[in-house]
Amino acid sequence: MVTCMNKERKYGSVISNGKVSVDCDNPTEYGGDGYVFGPHDFIEAGYAACLDVCARKMELNSKKLL
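Residues numbered from 1 in each chain as written. Predicted model: local features only at pLDDT ≥ 70, side-chain atom pairs only at ≥ 80, totals over all residues. Heavy atoms only, no water.

Asker: What is the right way to read the overall build of the protein from this model?
Answerer: Helix and strand content of the protein: 1 helix and 3 strands. Moving toward the C terminus, one meets the helices and strands of the protein in the order β-β-β-α. On C-alpha atoms alone, the protein measures out to a radius of gyration of 17 Å, which is more than a quarter above the 11 Å that the 2.2 N^0.38 rule sets for 66 residues. In terms of overall dimensions, the protein has a C-alpha envelope of 55 × 30 × 15 Å along the principal axes. Going through the 66 residues of the protein one by one, you find that 12% of them count as buried. On the protein, roughly 5,600 Å² of surface is accessible, and the fraction owed to carbon and sulfur atoms is 61%. Of the charged side chains in the protein, 8 are positive and 9 negative; the average position of the first set lies 12 Å away from that of the second. (Helix = DSSP H or I, 4+ residues; strand = E, 2+ residues; numbered from the N terminus. Rg over C-alpha atoms; globule rule 2.2 N^0.38 Å. Buried < 20%, exposed > 50% of the residue type's maximum accessible area, 1.4 Å probe, protein only. Areas by Shrake-Rupley, 256 points an atom, 1.4 Å probe, with all protein chains shown as cover. Lys, Arg positive; Asp, Glu negative; His and termini not counted. Charge placed at Lys NZ, Arg CZ, Asp CG, Glu CD.)

Asker: What is the right way to read the packing of aromatic side chains from this model?
Answerer: One pair of aromatic rings is described through two measures. These are the centre distance and the angle between the planes. Tallied over the entire structure, the rule returns 1 aromatic pair. Consider the rings of Phe 37 and Phe 42, whose centres lie 5.3 Å apart with planes at 50°: the pair is tilted. Note on Phe 42: relative accessible area 27%, which makes it partly exposed. (Phe/Tyr/Trp six-rings, centres within 6.5 Å; stacked < 30°, edge-to-face > 60°.)

Asker: Whenever I open this one, the pairing of strand S2 (residues 13-16) confuses me. Can you help?
Answerer: Consecutive side chains of a regular strand alternate in pointing toward one face of the sheet and then the other. Examined bridge by bridge, strand S1 (residues 3-6) and S2 share 4 bridges and lie antiparallel to one another. Bridge pairing in S2 links Met 5 to Val 14. Taking the residues that link successive antiparallel strands as the turn, the S1-S2 hairpin has 6 residues. Here S2 folds back onto strand S3 (residues 21-24) in antiparallel fashion, the turn holding 4 residues, of which Gly 18 has a positive phi close to 95°. (Pairing = 2+ DSSP bridges.)

Asker: Sorry if this is basic, but what is going on with the state of the cysteines here?
Answerer: A covalent bond between the sulfur atoms of two cysteines is what we call a disulfide. With the rule as written, the count across this model stands at 0 disulfides. Among the cysteines around Cys 24, which has no disulfide bond, Cys 4 carries the closest sulfur, lying 6.4 Å off. Cys 24 gets classed as buried once you look at its relative accessible area, which sits at 5%. (Disulfide = S-S within 2.5 Å.)

This is how it looks when you write it as structure tokens:
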């Protein structure tokens, strides 16, 4: 399970899956400090990881067909 806890900074938070914790903050144009990942960065990272896994699986499946 992923949790998100507020930090003392205005828009700062810590996201954790119980094994790894990562700071999150809004970009400066939205009132945050902008020095760590923003919320949309995590959405983009999840999408990129999913695409990477799909591409690897497709490659492995194509090698099995040869």
